[in-house]
Amino acid sequence: MPIAEKAPQTLYDKVLASHIVDEKLDGTILLYIDRHLVHEVTSPQAFEGLKNAGRRVRRTDCTLATTDHNVPTKSRKGIKDIATFVEEEDSRLQCLTLEENVKDFGITYFGLGDKRQGIVHVIGPEQGFTLPGTTLVCGDSHTSTHGAFGCFATGIGTSEVEHVLATQCLITKRNKNMRIQVEGELAPGVSSKDVVLHAIGLIGTAGGTGCVIEFCGSVIRSLSMEARMSICNMSIEGGARAGMVAPDEVTFEYLKGKPLAPPPDSPEWGRAVSYWKSLQSDPGAKYDIDVQIDAKDIVPTITWGTSPEDVVPINGSVPDPETFKSEAKKQAGRRMLEYMGLTPGTPMEDIPIDKVFIGSCTNSRIEDLRAAAEVVKGRKIASNVKRAMVVPGSGIIKEQAEAEGLDKIFVDAGFEWREAGCSMCLGMNPDILAPRERCASTSNRNFEGRQGALSRTHLMSPVMAAAAGIVGKLADVRKLTNYKASPHIEAFKAPTSSSAKPVVDESLESGDSSAKDRLGDQPEDSPLTAEDLVTEAVGSQGLPKFILHKGIAAPMDRANVDTDAIIPKQFLKTIKRTGLGSALFNDWRYNDGGSPNPDFVLNQEPFTQAKTLVVTGPNFGCGSSREHAPWALNDFGIRCIIAPSFADIFFNNTFKNGMLPISITNPSDLEKIAAEARAGKEIEVDLPNQEIRDASGNTLCKFDVEEFRKHCLVNGLDDIGLTLQLEDKITEHEKKISEETPWVDGTAYLRRKGGKLPVKAAKVPMTNRGQELKDPIDW
Ligand SMILES: CC(C)[C@H](C(=O)O)[C@@H](O)C(=O)O
Ligand code: SF4
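Residues numbered from 1 in each chain as written. Chains lettered and ligands numbered in written order. Predicted model: local features only at pLDDT ≥ 70, side-chain atom pairs only at ≥ 80, totals over all residues. Heavy atoms only, no water.

This part takes up the environment of V195. For V195, the location among the structural elements is in helix α7 (residues 192–203). Note: C-alpha distance between V195 and I231 (36 residues apart in sequence) is 7.4 Å. In contact with V195, not counting residues within four places along its chain, are V182, L186, I231 and I298. (Helix = DSSP H or I, 4+ residues; strand = E, 2+ residues; numbered from the N terminus. Contact = heavy atoms within 4.5 Å.)

Right, dumping it as structure tokens:
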């Protein structure tokens, strides 16, 4: 019999296939995760879960932590420790909790005293922790950034963080393949940020839902790694699970000499490069969605509204919502303009700004700072600009920029030169906008309240933000300079020996192993001993079962409800899963002074008692991966959300908390349910029969749910326990990595332990919610 020809595969298909540990008939995949990045906001509850269940971190050598969201960006000169440096109490607690957890679990950590500290998506690539062909996760939606290296990198929620810490695997399913091909040459003044804003404008914030986007074409190939990262970073703003770029010479060049990449003169480097070259999508590979963009259609682009899809060319005007297609869109548009304080028809270049923010995981890399400095050099910020900040993505970038004199250029122009962190991208630290202040920002989200309550954000490229600072209004950089996106040869190289101090800190300097081997060496005195560890069938009954769910349903007629709206950033500082119900939809639910807004549905009777939320607009839960969103809904009493569609990460997060999101795509079915909700009547959700009924028991419609998820909900199962039952398969996969792609494993730690992970069954199996386990798990 002739051997059947293998179907052509995409880059994503190839990376996925090489990481599957197990696949169920319903398409549920247990995916091995090579790299796990951790930060202080989305990890406390995950570590707490591990402690409750007596579990350990399976691969400390593949886990890297830093603190970024909460950290002040004021000068760190003379810093003693985080406890005295971080003034705000909740932020301090979150940072300290991370420091305690990394010590307890033996995880490598870049803290504030370490120049490798920075935004989690900046430090991974910078260290060579991010490598082509790998799988990488982080409890953060912008994990998509790392896909620029040709790895499958995706944001996950806190329950999944816990799952990956415990098992080094993620339960997932196959995504669709989407291709965005950008051909031609970028015009002067146009950069990678314009490419991605333009693309999101075309596909919309839900355009990539359920997909992995492969960015390709001559424009992408011509871009530096920094520029490719900016593009992949914002794939999440296009709703995608991940963005990817096939690794090529630009990628290899960038990785050469990075501390955790294989040393360029080693045989491993040669093997790695030839493997990485094989990851290109095969000719004829099929894409479910194909988008072609001609570079000459891309001009410097900015946002006008409160969703990243609301883009307009800088030489355009504020759009008129009355020209929008549907009534829902018109309404949303009117609301956005009111929030943004804009009038239809105003030329974008006539809009004055108050502040400038150059930073964030989208645009805080050396190339971004160089480009912005080129624009401001020898100029001063306009007198109406109250504050202009430059926040480098990491301590290493800051140092490099200073070595090049960029700090001086910015300071001379009137910009503040800050320390590394997320800063005003999200404002969990003190860097926020005052109400109604307008900001020219290089970040990635312009949601209501994103940079501070009632803040107004316009997203743009670093050169455009720099130009806005100089002009004092949203400005067309092409009128100021002849800026041209740098060709990739100028890509940033991590400082080696002479240009700057070494990037590997003293604590990791000793010993004879390579830097890569040193990463994550588990301290000998790790407080969790082998006897404490759990690998057997544990879990189950960690969550309340979801079977029949009956109660009042609150109607919500909105599209693209983002998780920043469901639970604003100031409430993410908790280290617990509970108590967030009163902050649910905070900015919509309460007036400025804190009194309840009578117009908001959850303040009206009988909806104060709602157990289900019926949303009539698509893409509920888009944006940030914060699991605080389902926690807040759950704490309020809402365990079921019905909507036409959901953003992927939010959708996953709800299931992990014993909640059920139901996607009803048929408009007349959805309308029937919404009508019951508006009438203040109860509805009943029957999960075993996959049916929604009215208060009298009449069927309104049926719904779909994946078998595995249904099984877990109906039985209240903790899926970490289920995964740990596949210990043999996971170990088998780890052996394969060590043999076939040793640069990914590369742990002296593992070898020192004789190639075996020191795991044993726990004596008293516990659930991750701290309850004793009674029945075995069944799937
Ligand atoms: C805090 C974190 C969960 C969040 C994210 O997932 O994106 C943050 O980084 C953001 O940008 O809103
Ligand atoms: S989007 Fe902003 S807050 Fe989120 S990780 Fe990036 S820099 Fe930090």
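Still more ground to cover, so stick around.
With that out of the way, let us pick up the site of ligand 2. With respect to spatial proximity, the complete set of residues near ligand 2 consists of H69, H121, D140, H142, S360, C361, C422, C425, L426, N444 and R450. Its residues placed into classes, the shell around ligand 2 shows four nonpolar, five polar and two charged. (Near = heavy atom within 4 Å. Nonpolar A, V, L, I, M, F, W, Y, C, P; charged D, E, K, R; others polar.)

For the chain, per-residue confidence averages 90 on the pLDDT scale, and residues scoring 70 or more make up 88% of the total. This model gives residues 488–541 a pLDDT under 50, and the stretch forms 151 contacts once residues within four places in sequence are excluded. When the criterion is pLDDT under 50, residues 748–765 qualifies, and its contacts beyond four places in sequence or with other chains add up to 45 contacts. Across the interfaces of the predicted complex, the ipTM metric reaches 0.99, alongside a pTM of 0.91. (pLDDT = per-residue confidence, 0-100.)

Our next topic: the packing of aromatic side chains. Scanning the model with the defined rule gives 18 aromatic pairs in all. Plain terms: the ring middles of F47 and F105 are 5.2 Å apart, the flat faces sit at 35° to each other, and that makes the pair tilted. Placement of the pair is F47 in helix α2 (residues 44–53) and F105 in helix α4 (residues 89–105), with a sequence separation of 58 residues. With relative accessibility at 0%, the residue F47 sits in the buried group. For F105, a relative accessible area of 2% translates into the label buried. Centroid distance F646 to F650: 6.3 Å. Interplanar angle 10°. Geometry classified as stacked. In terms of burial, F646 and F650 fall into one category: buried. (Phe/Tyr/Trp six-rings, centres within 6.5 Å; stacked < 30°, edge-to-face > 60°. Buried < 20%, exposed > 50% of the residue type's maximum accessible area, 1.4 Å probe, protein only.)

Secondary-structure assignment places H36 in strand β3 (residues 35–38). Residues H36 and A65, spaced 29 residues apart in sequence, show a C-alpha to C-alpha distance of 8.5 Å. If near-sequence neighbours (up to four positions away) are discounted, H36 is found in contact with C62, T63, L64, F129, V137, C138, I156, V161, V164 and L165.

What the four strands build is an open sheet, ordered β11-β10-β9-β12; its pairing is parallel. The open sheet has two edge strands with one neighbour each: β11 (242–244) and β12 (289–294). Across this sheet, the average inter-strand angle for adjacent strands is 20°, counted without regard to direction. Bridge count for strand β10 (residues 211–216) against β11 is three bridges, and the pairing is parallel. The partner of E214 across the bridge, within β11, is M244. Against the sheet, α7 contacts β9 (176–183), β10 and β12, and its axis sits at roughly 130° relative to β12. (Pairing = 2+ DSSP bridges. Axes fitted to C-alpha atoms, helices over the stretch in contact; angles between N-to-C directions.)

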